[in-house]
Amino acid sequence: MDIVKAIHSRKSIRGFKPDPVPKEVLREILDIARRTPSALNTQPWNITVVTGEVLDNIRKGNIEMLVAGAEPNPDFPSKPYEGIYRQRQVDLAIQIFKLMGITREDKAKRAEWRERGFRFFDAPAAIILSMDRSVDKLLSHLDIGAIVQTICLAALNYGLGTCIEVPGIMFPEVVRQYTPIPESNEILISIAIGYPDWDFPANKLETEREPLENLVTWCGFA
Ligand SMILES: Cc1cc2nc3c(=O)[nH]c(=O)nc-3n(C[C@H](O)[C@H](O)[C@H](O)COP(=O)(O)O)c2cc1C
C-alpha cells in the first residue's frame, strides 16, 4: 500500500469482527514495525501480544475492577486536559456518542461505552507496549509513539484495523496477572487490533485536524 494512502486511510477502529487474527500476520506486522527509528537506536519497546483466553481474562479483570469501583492507576502519571485540548477531547466524545446514539442523559449507555475501552473494544487481539523503567522517559516515550504508529500503518496492509487505547492497560496489575510483563517495565499503551466491522457506527467517524497554517511556523523561506 502506498505510504501516503496508508496515512490518510488509517483511522481508529472501535468495533471489530470476531474473526481471530493469525499469529503469523501479527508477527509480520511486528517484524515490519521493529524497523521503527529510536533515540540512539535504543529500541526501548517491549511488545506483548495477547489474544484468546489471556485477552479475555484481562478484559474480565478490568471490568471486575471497574464494577468494584477501583480507581484506574496506570503506570504513568496523567492529568486532565485543559483549554483547546479539553475542547478537542469533548468534541471527539460528542461525535462518537452521536454516531453510537448515546445521549448525555443515558448513563447506562455511557457506562457501557466506557467499559468497551476497558475491554479493548472487544478486539480479537491486543498489542501492549511496555518499556524498562530505567531508560530515559522523554526520548523513549517518543520512540514508543513512533512504533505504535508504524504498527497501525503496517496493519492496514493486512486489512486490519487498530485503535490505540489507554483504558485496557489502566489497571496494570490485571495485565501483569495474565502476562509476564515485569514490575520493572512501565506499561504505556495498547493497540486493539482486528478486522474492522464497517457496520459498527463509531467506525464511520472521520476526525478533523487543524489546518496546516495553525500548526507550522515557516522560517527562512522567501
Ligand atoms: C496515545 C493515544 C491514546 C489514545 N487513547 C484512546 C482511548 O483511550 N480510547 C479511544 O477510543 N481512542 C484513543 N485513541 C485514539 C484517538 O482518539 C484517535 O487517534 C484520534 O481521535 C484521531 O482519530 P483517528 O485515529 O480516527 O484519526 C488514542 C490515540 C493515541 C495516539
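The following paragraphs examine the structure supplied in this document.

1. Quick notes on the overall build of the protein chain
Phase 1 of the analysis: Scanning the protein chain for helices and strands turns up seven helices and four strands.
Phase 2 of the analysis: Along its sequence from the N terminus, the protein chain presents helices and strands in the succession α-α-β-α-α-α-β-α-β-α-β.
Phase 3 of the analysis: In summary, the protein chain has a C-alpha radius of gyration of 18 Å against a globular reference of 17 Å for 222 residues, a match within 12%.
Phase 4 of the analysis: Along the first, second and third principal axes, the C-alpha atoms of the protein chain reach 60 × 40 × 35 Å.
Phase 5 of the analysis: Within the protein chain, buried positions represent 40% of all 222 residues.
Phase 6 of the analysis: Here the protein chain has roughly 13400 Å² of accessible surface; of this, 56% comes from carbon and sulfur atoms.
Phase 7 of the analysis: Side chains of the protein chain give 27 positive and 30 negative charges; the mean places of these two sets differ by 2 Å.

2. Observations regarding a nonpolar patch on the surface
Phase 1 of the analysis: Together, Leu212, Leu215, Trp218 and Phe221 line one region of the surface with nonpolar side chains, adding up to about 530 Å² of accessible area.
Phase 2 of the analysis: Relative to the assigned elements, Phe221 resides in the segment after β4 (185–194).

3. Quick look at the environment of Arg116
Phase 1 of the analysis: As for its placement among the helices and strands, Arg116 is situated in helix α5 (residues 107–118).
Phase 2 of the analysis: Residue Arg116 is classed as buried on the basis of its relative accessible area of 10%.
Phase 3 of the analysis: Ignoring sequence-local partners within four residues, the contact set of Arg116 consists of Arg14, Gly15, Phe121, Asp122 and Phe200.

4. Some details on the pairing of strand β2 (residues 125–132)
Phase 1 of the analysis: Among the eight residues in β2, seven count as buried, and that is most of the element.
Phase 2 of the analysis: Inspection of the sheet shows strand β1 (residues 45–51) paired to β2 by seven bridges, in the antiparallel sense. Of the residues in β2, the one forming a bridge with Ile47 is Leu129.
Phase 3 of the analysis: In terms of strand pairing, β2 meets β4 through eight bridges, oriented antiparallel. When the sheet's bridge partners are listed, Leu129 is paired in β4 with Ile189.

5. What about the environment of Ala126?
Phase 1 of the analysis: Assignment of secondary structure puts Ala126 in strand β2.
Phase 2 of the analysis: Given a relative accessible area of 0%, Ala126 falls into the buried group.
Phase 3 of the analysis: With 38 residues separating them in the primary sequence, Ala126 and Ile164 have C-alpha atoms 9.6 Å apart.
Phase 4 of the analysis: Other than its neighbours up to four places away in sequence, Ala126 contacts Thr48, Val49, Val50, Leu55, Phe120, Ile191, Ala192 and Ile193.

6. Here's the deal with unusual backbone geometry
Phase 1 of the analysis: Even without a glycine there, the phi angle at Gln43 is positive, about 45 degrees.
Phase 2 of the analysis: Exposure remark for Gln43: the relative accessible area of 40% places this residue in the partly exposed category.
Phase 3 of the analysis: A positive phi angle, close to 55 degrees, is found at Phe121, a residue other than glycine.
Phase 4 of the analysis: Structurally, Phe121 is set in the loop between α5 and β2.

7. Side note on the pattern of salt bridges
Phase 1 of the analysis: As enumerated under the stated definition, the model contains 13 salt bridges in all.
Phase 2 of the analysis: With a shortest N-O distance of 2.8 Å, Arg119 and Asp122 are connected by a salt bridge.
Phase 3 of the analysis: For Arg119, a relative accessible area of 16% translates into the label buried.
Phase 4 of the analysis: For Asp122, a relative accessible area of 32% gives the class partly exposed.
Phase 5 of the analysis: Here Glu183 makes a salt bridge to Arg133, at a shortest N to O gap of 3.4 Å. Of this pair, Glu183 sits in the loop between α7 (172–178) and β4 while Arg133 sits in the loop between β2 and α6 (137–156), placing them 50 residues apart in sequence.

8. Topic: the environment of Pro20
Phase 1 of the analysis: For Pro20, the location among the structural elements is in the loop between α1 (3–9) and α2 (23–33).
Phase 2 of the analysis: In sequence terms Pro20 and Glu64 are 44 residues apart; their C-alpha atoms lie 24 Å from each other.
Phase 3 of the analysis: Beyond its immediate stretch of four places on either side in the chain, Pro20 contacts Pro124 and Tyr195.

9. With respect to the site of the ligand
Phase 1 of the analysis: In the vicinity of the ligand, 14 residues are found, and the nearest of them are Arg10, Ser12, Arg14, Pro167 and Arg209.
Phase 2 of the analysis: In this structure, an oxygen atom belonging to the ligand sits 3.1 Å away from a side-chain N or O atom of Thr207.
Phase 3 of the analysis: A distance of 2.9 Å separates an oxygen atom of the ligand from a polar atom in the side chain of Arg209.
Phase 4 of the analysis: With the chains in place, 67% of the 620 Å² that the ligand exposes on its own is no longer accessible.
Phase 5 of the analysis: Ranked by the residues each element gives to the shell around the ligand, the list is headed by strand β3 (residues 161–165), at three residues.
Phase 6 of the analysis: A per-class count over the shell around the ligand returns seven nonpolar, two polar and five charged.

Rules of the game
- Residues numbered from 1 in each chain as written.
- Predicted model: local features only at pLDDT ≥ 70, side-chain atom pairs only at ≥ 80, totals over all residues.
- Heavy atoms only, no water.
- Helix = DSSP H or I, 4+ residues; strand = E, 2+ residues; numbered from the N terminus.
- Rg over C-alpha atoms; globule rule 2.2 N^0.38 Å.
- Buried < 20%, exposed > 50% of the residue type's maximum accessible area, 1.4 Å probe, protein only.
- Areas by Shrake-Rupley, 256 points an atom, 1.4 Å probe, with all protein chains shown as cover.
- Lys, Arg positive; Asp, Glu negative; His and termini not counted.
- Charge placed at Lys NZ, Arg CZ, Asp CG, Glu CD.
- Patch = residues over 30% accessible without salt bridge, like charges linked within 9 Å, V, L, I, M, F, W, Y side chains within 5 Å.
- Salt bridge = Lys/Arg side-chain N within 4 Å of Asp/Glu carboxyl O.
- Contact = heavy atoms within 4.5 Å.
- Pairing = 2+ DSSP bridges.
- Near = heavy atom within 4 Å.
- Polar contact = N/O pair within 3.5 Å; in protein donor to acceptor, adjacent residues only side chain to side chain.
- Nonpolar A, V, L, I, M, F, W, Y, C, P; charged D, E, K, R; others polar.

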